Amino acid sequence: MAYSSVSDEVVEEFNPKKEEKEGSILEVGDQAVWSLSSCKAGFGIDQLRDDSTDTYWQSDGQLPHLVNIQFRKKTTIQNIWIFADYKADESYTPSRISVRAGTGFSDLQEVEVIELNEPNGWIAIPLKDAQDKYIRTFMLQLAVLSNHQSGRDTHLRNYSDLEEKICTPDQLHPKPETSALVFGKYFTDHMLEVSWDSEKGWAKPVISPMHNLQLHPGAKVLHYAIELFEGMKAYRGEDGRLRLFRPDRNMARMLNTAKRSSLPTFDANEMIQCIKRLIQIDRDWIPHSTTSSLYIRPTLIGTDPSLGVASPNQALLYVLLCPVGPYFTSGFKPISLLADPQYVRAWPGGCGAMKMGANYAPTIYIQKQSELLGHQQVLWLYGEDHQLTEVGTMNIFVFMMNKAGERELVTPPLEGLILPGVTRLSLLELAREWKEFRVVERTITMAEVVEAHAENRILEIFGAGTACVVCPISSISYQGRELNIPRSESSLSERFFKTMSDIHYGRLQHPWAVDIE
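Residues numbered from 1 in each chain as written. Predicted model: local features only at pLDDT ≥ 70, side-chain atom pairs only at ≥ 80, totals over all residues. Heavy atoms only, no water.

## Structural notes on the packing of aromatic side chains
Part 1 of the argument: In this structure the tally under the stated criterion is nine aromatic pairs.
Part 2 of the argument: Ring centres 6.4 Å apart and planes at 85° place the aromatic pair Trp202 and Phe266 in the edge-to-face group. Here the residue Trp202 occupies a position in strand 13 (residues 201–202), and Phe266 occupies one in the loop between helix 3 (247–260) and helix 4 (268–281), the gap between them amounting to 64 residues. Of the two residues, Trp202 and Phe266, neither departs from the other in class, the shared state being buried.
Part 3 of the argument: Arranged with centres 5.3 Å apart and planes meeting at 10°, the rings of Phe397 and Phe462 form a pair that is stacked. Highlighted residues: Phe397 in strand 23 (residues 394–401) and Phe462 in strand 26 (residues 458–465), separated in sequence by 65 residues. Across this residue pair, the class does not change: Phe397 and Phe462 are buried.
Part 4 of the argument: Counting every residue linked through ring pairs, the aromatic cluster contains Phe397, Trp434, Phe462 and Phe496.
Part 5 of the argument: Geometry around Trp434 places Arg495 over its ring, the cationic atom sitting 3.7 Å from the centre. (Phe/Tyr/Trp six-rings, centres within 6.5 Å; stacked < 30°, edge-to-face > 60°. Helix = DSSP H or I, 4+ residues; strand = E, 2+ residues; numbered from the N terminus. Buried < 20%, exposed > 50% of the residue type's maximum accessible area, 1.4 Å probe, protein only. Lys NZ or Arg CZ within 6 Å of the ring centre and 35° of its normal.)

Here it is in structure tokens:
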């Protein structure tokens, strides 16, 4: 037996070996090195034979070997069981199986990793305890990984291997005045770099003086946009201590995007330790201000000089630091939006849920068009029913009275169209903790917004993201009409902003604020 969360009696009751089928076979040369003779999933150990799923196989003769299980109705991971029988050649034993769940390929999230200790056996997995939150899913994916794989899942070298090359006095740059800070213009003295090679895996991490990158003109990142990035912040608290905000969430999202981009994954905890050390070295760049912060930009790019459209064999992971002021120079003031359904940011099966540069470049032209019409941002819509998805680069929230007379906070669901924002998650968790109004993740359309606006049921609308934290909306221009959005003196958006700021700057002790020192 390789892995089981159930008793032997239950296994005997439903044993996949009773069903003979060809299954899925991975071959290397003429040798069959891995096979699954049965793989089923269902809504309980007694329902694994039903017709609720379709199973299909995906392999190009190399690991990871993927088993995709498609559900015919939406469910959650708390309701799912997996049962599989496998066989492997002893010289090619997979070391683990990554179980991923989501609504489709574009938003699969790892929910459990199963260690395989024997070449032959079976796995029985109830996923009800896999995570502390619900994941809506139409699909499961079992990714069979091996230590023989070509380094793509090799762990980042240990933080203890970190090499530091500190600036000499003449290499240090003058620090800008806090009042002069704008988003992304100034960079600190040092950067973090870790290179990766498909044969050798990750090199040791290096902190060195800020410098330009040297890339071959044929580097994959320049031709096929094989790259991704993250956005996170560090804060200097009123008590003088330095804190990161939920870095584990950023690293989890970065790893998810890396998988979708065919870029190498890494050990999130080791990466966080390296980032902490970089911030410690450049700590003097963190503004002594409760309206400013240190923006952190981890980036991963494919660098091998090859014009073939294929997974990169070389990559570079690096981190930049920028002292920043408020994202909007106007501060915490409402902005106006252009909602034009002819423009679409993301679509089902695409990469809208990933934080990669290819999602942002096509939006800049539309953003400029909105500015020419007197607006600050774009409200991105999708589908014939004009679903709300994101606002600019932020997640969107609608606070309203529903038709039952209840106050309700609505935000679009994580079904592949929108980015799973860390600030979005934090606001939802705060709201659910307060228990003062309904909190709903569901599809909301412009027709519903227009109707609620006409019936005076809109309380306020706001965006949320790392850069601005929370941003209220003053108006939406949509199909020839202008919807002026109300906002009370003691608004929910302002309450969210204050609570988040209190956590950021140490006025409110909270486990989301991770001490750097």
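That was the structure; now back to the text.
## Regarding unusual backbone geometry
For residues besides glycine, phi is generally negative; the peptide bonds are generally trans as well.
Part 1 of the argument: Unusually for a residue other than glycine, Asn456 sits at a positive phi of about 60°.
Part 2 of the argument: Of note, Val469 is a non-glycine position whose phi angle comes to about 70°, a positive value.
Part 3 of the argument: Along the polypeptide, Val469 turns up in strand 27 (residues 469–478).

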